[in-house]
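Here are the chains, one letter per residue:
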Amino acid sequence: MTRPRTARFALGVTVVAVPLVLALLGPLFAGEPGPRTTSFTLGGGHRLGTDFVGRDVWQQVLHGGRPVVLTVLAATALSYLVALPVGLVGALTHRRWLEELLMRPLDVLLAVPSLLLILLAATVFSPGPVGLTLLVTLVNVPDAARLVRAAAAEAASRPAVEALRMQGEAWWRIAFGYVGRSLLRTLAADAGTRLTGVLYLVATAAFLGVGVAPDAADWAVMVDRNRTGLFVQPWGVVVPALLIVSLTMGANLLFDAALANDRRSGRARGAKLPEAMGTSRNRSRTGSEARP
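Here we summarise the structure given alongside this text. What you see as residue numbers is a count from 1 along each chain, following the sequence as written. Totals for whole chains, interfaces and linings use every residue, but because this is a predicted model, local features are given only for residues with pLDDT of at least 70 and side-chain atom pairs only at 80 or more, for both listing and counting. Think of the side-chain values as coming from all heavy atoms in the structure, minus any hydrogens and water.

1. Some thoughts on the overall build of the protein chain
Argument step 1. Put simply, DSSP marks the helices as runs of H or I at least four residues long and the strands as runs of E at least two long, and each gets a number from the N terminus on. Counting its secondary structure elements, the protein chain contains ten helices and zero strands.
Argument step 2. Mapped from its N terminus to its C terminus, the protein chain presents α and β elements in the order α-α-α-α-α-α-α-α-α-α.
Argument step 3. The cut-offs for exposure are 20% and 50% of the maximum accessible area for each residue type, with area from a 1.4 Å probe on protein chains only; residues under the lower value are buried, those over the upper are exposed, and the others partly exposed. Looking at the protein chain residue by residue over its 292 residues, the buried ones come to 38%.
Argument step 4. Whether two residues are in contact is decided by their heavy atoms, any of which lying within 4.5 Å being enough. The contacts in the protein chain between residues at least 6 apart in sequence include a share of 72% that link residues at least 24 apart.

Okay, structure coming up:
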């Protein structure tokens, strides 16, 4: 592990650790909520002041990260869990009708803006945290599946896949053992961007009151509800906003560090191949000169 990659990895871990620790462990240390006082005040026994209804901002920060982080991670994981088999089947199947059946409905969903689709669904029913997770998953599946299908189609056209088919290998072993494994770098590069997009959708939906209560302990809701007192008591907006930004930046730094290591390993393997070929040629030349 080289020094620049180590520094980038350490920076990513440091940046992402703060919001993750607060989100996952914060409710354990938040304690019981105290009595409400005057809105948008500083001091008075409150570390970060009070929010728009007089609650302690620090307690709201400790309670407000878990729903955001869990929703984002669950929606991202579910998006890949659905998109991976759909994209692999679409790329590897020889049945044109099956590919059309899988991909064309996703193209229709892809044509509708993600946030608009979430808001339209919210007018029909009132989604809770689980419903918001499923809605965000739904709007992320189409482009994730198209990405998987495009990358898998390139891998499926290689001679190695045809050789595996001629050897009678099972479809699932070809799909997940070879083609799926060749997609890891592509999925890793997409994961950082997708995590950011999912976080944006979840935060925006919560900002608009979709999937959460208007006074819920949620970082995005805190930014929305406390912005009226930004110039009086800024911590109710600044702290949750910085935590959301840190979660996004830290995740992208970690994925960038991982991809940098993969690229370096690939160049090292590429450098060793000509060297090995040159060594074998020298050995063969030496052997031919030694013959009478």
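There's plenty left to go through after this.
2. Comments concerning helix H8 (residues 184-207)
Argument step 1. For H8, with 24 residues, the first-to-last C-alpha span of 34 Å sits near the 34 Å given by 1.5 Å per residue.
Argument step 2. The bend reported for a residue corresponds to the angle between axes fitted to the seven residues ending at that residue and the seven starting there. Along H8, the sharpest kink reaches roughly 30 degrees, centred on Ala191. An expected span of 1.5 Å times one less than the residue number is assigned to each helix.

3. Section: the nonpolar core
Argument step 1. Take the buried Ala, Val, Leu, Ile, Met, Phe, Trp, Tyr and Cys residues and link them wherever side-chain atoms come within 4.5 Å; each set so joined is a nonpolar core. Ranked by size, the top nonpolar core spans 33 residues in total, and within it Val61, Val72, Ile118, Val136 and Trp219 carry the most contacts.
Argument step 2. Put simply, the parts of the chain that give this core at least two residues each are helix H1 (3-29), helix H2 (57-92), helix H4 (114-124), helix H5 (129-156), H8, helix H9 (219-226) and helix H10 (235-290).
Argument step 3. The greatest single-element share of this core, amounting to seven residues, is contributed by H2.
Argument step 4. The contact partners of Val136, leaving out residues within four places of it in the chain, are Ala75, Ile118, Val198, Leu201 and Val202.

4. A look at the environment of Leu88
Argument step 1. With respect to the helices and strands, Leu88 occurs in helix H2.
Argument step 2. Looking at Leu88, the relative accessible area reads 0%, which means it is buried.
Argument step 3. Considered as a pair, Leu88 and Arg146 are 58 residues apart in the sequence and their alpha carbons are 9.8 Å apart.

5. Thoughts on empty space enclosed by the protein
Argument step 1. Residues are called lining when one of their atoms sits within 4 Å of a cavity or pocket point, these points coming from a 1 Å grid over the protein atoms alone, where a cavity is a set in which a 1.4 Å probe fits but cannot get out and a pocket is an open set with protein on both sides within 12 Å along at least five of seven lines. Grid points are joined across faces, edges and corners, and a volume is the space filled by probe spheres set on the points. Inspection of every chain in the model, using the stated rule, returns one cavity of 30 Å³ or more.
Argument step 2. As a volume, the largest cavity reaches approximately 40 Å³.
Argument step 3. Taken together, Asp51, Phe52, Arg55, Gln60, Ala216, Val221, Met222 and Asn226 form the lining of the largest cavity.
Argument step 4. The element best represented in the lining of the largest cavity is H9, accounting for three residues.
Argument step 5. Along the lines of polarity and charge, the residues of the lining of the largest cavity split into four nonpolar, two polar and two charged. Each residue is assigned to one of three groups, with Ala, Val, Leu, Ile, Met, Phe, Trp, Tyr, Cys and Pro labelled nonpolar, Asp, Glu, Lys and Arg labelled charged, and all others, Gly among them, labelled polar.

6. Thoughts on the side chain of Gln60
Argument step 1. Mapped onto the secondary structure, Gln60 falls in helix H2.
Argument step 2. A relative accessible area of 10% places Gln60 in the buried class.

7. Section: unusual backbone geometry
Argument step 1. Even without being a glycine, Phe40 presents a positive backbone phi close to 55 degrees.
Argument step 2. By the element assignment, Phe40 lies in the loop between H1 and H2.

8. Digging into a nonpolar patch on the surface
Argument step 1. Exposure above 30% relative accessible area and the lack of any salt bridge qualify a residue for a patch; like charges then connect within 9 Å, and the nonpolar side chains Val, Leu, Ile, Met, Phe, Trp and Tyr within 5 Å. Each accessible area value is a Shrake-Rupley result obtained with a 1.4 Å probe; residue values ignore everything except the protein chains displayed when judging cover. One speaks of a salt bridge when a side-chain nitrogen belonging to Lys or Arg is within 4 Å of a carboxyl oxygen belonging to Asp or Glu. The grouping of Val21, Leu24, Leu25, Leu28, Phe29 and Leu70 at the surface amounts to a nonpolar patch, some 610 Å² of accessible area in total.
Argument step 2. Per-element accounting of the nonpolar patch gives the leading share, five residues, to H1.
Argument step 3. Exposure remark for Leu25: the relative accessible area of 40% places this residue in the partly exposed category.

9. Concerning the packing of H2 against H8
Argument step 1. For helices, the axis comes from a line fit to the C-alpha atoms of the stretch in contact; other axes are also lines fit to C-alpha atoms, and the angle between any two N-to-C directions lies between 0 and 180 degrees. Where H2 meets H8, the axes come as close as 9 Å, and the angle between the chain directions of the two elements is 130 degrees. Between H2 and H8, the angle falls in the class oblique. The two elements H2 and H8 cross, and the hand of that crossing is right-handed. Only Leu187, Asp190, Ala191, Arg194, Leu195, Val198, Leu199 and Val202 of H8 make contact with H2, whose side of the interface consists of Val68, Thr71, Val72, Leu73, Ala75, Thr76, Tyr80 and Leu84.
Argument step 2. Across the contact of H2 with H8, the residue classes tally to twelve nonpolar, two polar and two charged. Any angle between 65 and 115 degrees counts as roughly perpendicular, while under 35 counts as roughly parallel, over 145 as roughly antiparallel, and the rest as oblique. Note on convention: the crossing is left-handed when the near helix lies turned anticlockwise from the far helix by less than a right angle, right-handed when the turn is clockwise.

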